[in-house]
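For reference, the chains in residue letters:
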Amino acid sequence: MSDDVIVDGLAYPVVIADDASVTLARLLAVDCTSAVVVFDRRVEPRARAITAALTSAGVDVRGFVDVSGGESLKRARTVAGLYDAWLASGADRKTFVVAIGGGTVTDVVGYAAATYLRGVPWAAVPTTVLGMADASIGGKTGIDLPQGKNLVGAFWQPKAVVADLASLATLPARERSTGLAEAVKCAIIGDPPLLDAVDRLAVRAGPQAWKDVIVSAARVKVAVVAEDPRESGRRAVLNLGHTVGHAIELASDYRVTHGEAVSVGLRAAGLIARTQGWWPESDHARVLSVLHRAGLPLHVDGVMPGSVMKGMSRDKKSVDGRIRFVLPLAIGDVRHGIEVSPPVARAAIEACLAPPPASEWRT
Ligand SMILES: NC(=O)c1ccc[n+]([C@@H]2O[C@H](COP(=O)([O-])OP(=O)(O)OC[C@H]3O[C@@H](n4cnc5c(N)ncnc54)[C@H](O)[C@@H]3O)[C@@H](O)[C@H]2O)c1
Ligand SMILES: [Zn+2]
């Protein structure tokens, strides 16, 4: 479609499409003769439209499997269920797996695709802001263990990522806000004007209004991933706000969404950066006010600082039990691999259990 935006930089196309059905069918029809579709049941009408377009393009759609999106989907039992369904539908090594849904669906389905018959081709059709701006891009797939998030996974690059903006029409406000936390993160990593664009966006606006923010955030993600596909260095910057964020998600038993936890995690990273003498007070205040306007929390209730600390030391990115942070220097500039002493981390976490005082952000 002419209104599609293609984000260049990776070996596969990343497209932000108004209607993924047209685009996906066109992109896949070249090498794909058969497919199995796995979709979040909340987007069933979109999944039906996409499947119909694949069929019209000559793809033999052998399976149409619904799942229920959400963090609890990312477990081994789901993967085993997908293997069963795919075997039953006769999916072979050339069959494409098409994952339609949010980040939980693309993570777990991508992981099942990475391991089924030692790896089959797959395509991601993200239907949440978070999925479009972040989770579906970069080939990281995986599931959680009871001990922590994303502890099992594989790098498995999709053949295409086609964001379906049309599906955003049904996305609840809380999920829209959660995606904006990643957009704010991307702005801090490397796109200051994106912060203004997030600030101008009304959370309840229609799908088209989201396009520019999603495209800009996806560009930051693609640029970082292109530089460091297997996360040996620079890709760690994408973890800004996530060291504390992941630990909050776990400590809250996933009551707090990923983006909400990242929002609080961005505040914590800012507070830690300030103790290093980095990160101007005005940048910190600006980020907090954009997060707040985006409907995101700046603090978390009902978790113990000790359990957040424990979650961080178990984070798979900690090395020899030492916690390394990504910290902001200024909006558009971050540094990764910064070791932070436990008392400094704990003080930031404790601060994030209460709303920011006026002195922290109402400048
Ligand atoms: N692989 C990566 O690089 C990467 C990066 C960032 C995040 N992630 C992962 O992404 C996950 C979070 O993704 P998410 O926020 O998309 O969560 P999600 O998949 O749970 O979707 C959020 C909710 O929205 C529903 N939903 C999805 N699309 C909808 C639509 N269009 N209309 C109505 N409802 C819809 C889902 O059923 C779910 O209830 C986390 O597990 C996180 O670890 C992965
Ligand atoms: Zn994230």
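Here's a quick rundown of the structure.

**Overview of the packing of aromatic side chains**
Under the criterion given, the structure shown has three aromatic pairs. Plain terms: the ring middles of Y83 and Y116 are 6.3 Å apart, the flat faces sit at 20° to each other, and that makes the pair stacked. On the criterion of sequence distance, the pair formed by Y83 in helix α3 (residues 76–88) and Y116 in the loop between α4 (103–115) and β6 (122–126) is long-range, its members being 33 residues apart. Accessibility expressed as a relative area gives 27% for Y83, which makes it partly exposed. The class of Y116 is buried, set by a relative accessible area of 4%. Every member of this aromatic cluster is reached through a ring pair, and the members are Y83, W86 and Y116. The ring of W278 carries R335 above its face, with NZ or CZ at 4.9 Å from the centroid.

**As for helix α1 (residues 20–28)**
Within the span of α1, buried status applies to A20, S21, T23, L24, A25 and L28. The inward-facing, buried residues of α1 contact β2 (14–17), α2 (44–56), β5 (96–101), β6 and β9 (160–164).

**A look at the site of ligand 1**
Around ligand 1, a shell composed of 26 residues is seen, among which D40, R42, E71, T104 and T128 lie nearest. In this structure, T128 approaches ligand 1 through a side-chain N or O atom, which is 2.6 Å from an oxygen atom. Side-chain polar atom of K149 to an oxygen atom of ligand 1: 2.8 Å apart, as the coordinates give it. Calculation on ligand 1 without its partners gives an accessible area of 870 Å², and the protein chains cover 91% of this total. Elements with a contribution of two residues or more to the shell around ligand 1: α4, α5 (129–135) and β8 (148–155). Residues belonging to the shell around ligand 1 are distributed by class as follows: five nonpolar, 11 polar and 10 charged.

**Focus: the pairing of β9**
Of all five residues that make up β9, five are buried, and the element is covered over most of its length. The alternating pattern of β9 places A160, V162 and D164 on one face and V161 and A163 on the opposite face, and all of these are buried. In the sheet, β2 pairs with β9 via four bridges, with the strands oriented parallel. Its bridge partner lying in β9, V15 is registered against V162. Relative to β9, β6 is paired through two bridges, and the arrangement is parallel. Bridge pairing links A124 to V161 in β9.

**Looking at the coordination of the zinc ion (ligand 2)**
Protein coordination at the zinc ion (ligand 2) comes from E182 (OE), H242 (NE2) and H258 (NE2), with a distance range of 1.9 to 2.1 Å. Counting the intervening residues between successive donors of the zinc ion (ligand 2) yields the motif E-x59-H-x15-H. With H242 in helix α9 (residues 242–251) and H258 in helix α10 (residues 258–275), this pair connects stretches of sequence that are 16 residues apart. Under the relative-accessibility criterion, H242 is labelled buried at 5%.

**Focus: unusual backbone geometry**
Phi at R118 is positive, roughly 60°, even though this residue is not glycine. Take R118: it is sitting in the loop between α4 and β6. With a relative accessible area of 76%, R118 lands in the exposed category. Located in the positive-phi region is W279, a residue other than glycine, with phi close to 65°. Relative to the elements of secondary structure, W279 occurs in the loop between α10 and α11 (281–293). For W279, a relative accessible area of 3% gives the class buried.

**Topic: the sheet that holds β5**
For sheets, the rule is that strands pair by backbone hydrogen bonds, running either parallel or antiparallel. Strand order in the open sheet formed by seven strands is β1-β2-β9-β6-β5-β3-β4, and the pairing between neighbours is mixed. The outermost strands of the open sheet, each flanked by one partner alone, are β1 (5–7) and β4 (60–67). This sheet shows a mean twist of 20° between the axes of neighbouring strands, independent of strand direction. As judged from the seven bridges shared by strand β3 (residues 34–40) and β4, these two strands associate in the parallel manner. Of the residues in β4, the one forming a bridge with V36 is G63. Sheet contacts for α3: β3, β4 and β5; angle to β3, the most-contacted strand, approximately 145°. Across the sheet, α4 touches β3, β4, β5 and β6, and the angle it forms with β5 is around 165°.

Each value, and the rule that gives it
- Throughout this document, residue positions are counted from 1 along each chain, in the order its sequence is written.
- For naming, the first written chain is A and the first written ligand is 1, with later ones following in the order written.
- Given that the model is predicted, a residue must reach a pLDDT of at least 70 before its local features are reported, and side-chain atom pairs must reach 80 or more before they are shown or counted; all residues, however, enter totals for whole chains, interfaces and linings.
- The basis for the side-chain values is all heavy atoms of the structure; hydrogens and waters are excluded.
- A pair of aromatic rings is counted whenever rings of Phe, Tyr or Trp (Trp by its six-membered ring) have centres within 6.5 Å, and the orientation is called stacked for planes under 30 degrees apart, edge-to-face for over 60 and tilted otherwise.
- Helix numbering and strand numbering both begin at the N terminus, where a helix is a DSSP run of H or I of at least 4 residues and a strand a DSSP run of E of at least 2.
- The buried label applies to any residue whose accessible area, calculated with a 1.4 Å probe on protein chains only, is under 20% of its type's maximum; exposed applies above 50%, and partly exposed to all values in between.
- Think of it as a cone above the ring: NZ of Lys or CZ of Arg counts as a charge over the ring if it is within 6 Å of the ring centre and within 35 degrees of the ring normal.
- Throughout, a contact is declared for two residues whenever any of their heavy atoms are within 4.5 Å.
- If even one non-hydrogen atom of a residue comes within 4 Å of a molecule or strand, that residue is called near it.
- Think of a polar contact as two N or O atoms within 3.5 Å of one another; within protein, one of them needs to be a possible hydrogen donor and the other a possible acceptor, and neighboring residues in sequence only count if both atoms come from side chains.
- Areas reported as accessible are Shrake-Rupley estimates using a 1.4 Å probe. Residue values count occlusion only from the protein chains shown.
- Note that Gly is not counted as nonpolar here; it falls among the polar residues with everything else outside the nonpolar set of Ala, Val, Leu, Ile, Met, Phe, Trp, Tyr, Cys and Pro and the charged set of Asp, Glu, Lys and Arg.
- Strands are labelled as partners when DSSP assigns at least two bridges between them.
- Counted as donors are the N, O and S atoms within 2.8 Å of the metal, or 3.2 Å for Na, K and Ca, while water is not among the atoms, so some sites may look incomplete.
- In this description, a line fitted to the C-alpha atoms serves as the axis of each element, helices being fitted only across the stretch in contact, and the angle between N-to-C directions of two axes falls anywhere from 0 to 180 degrees.

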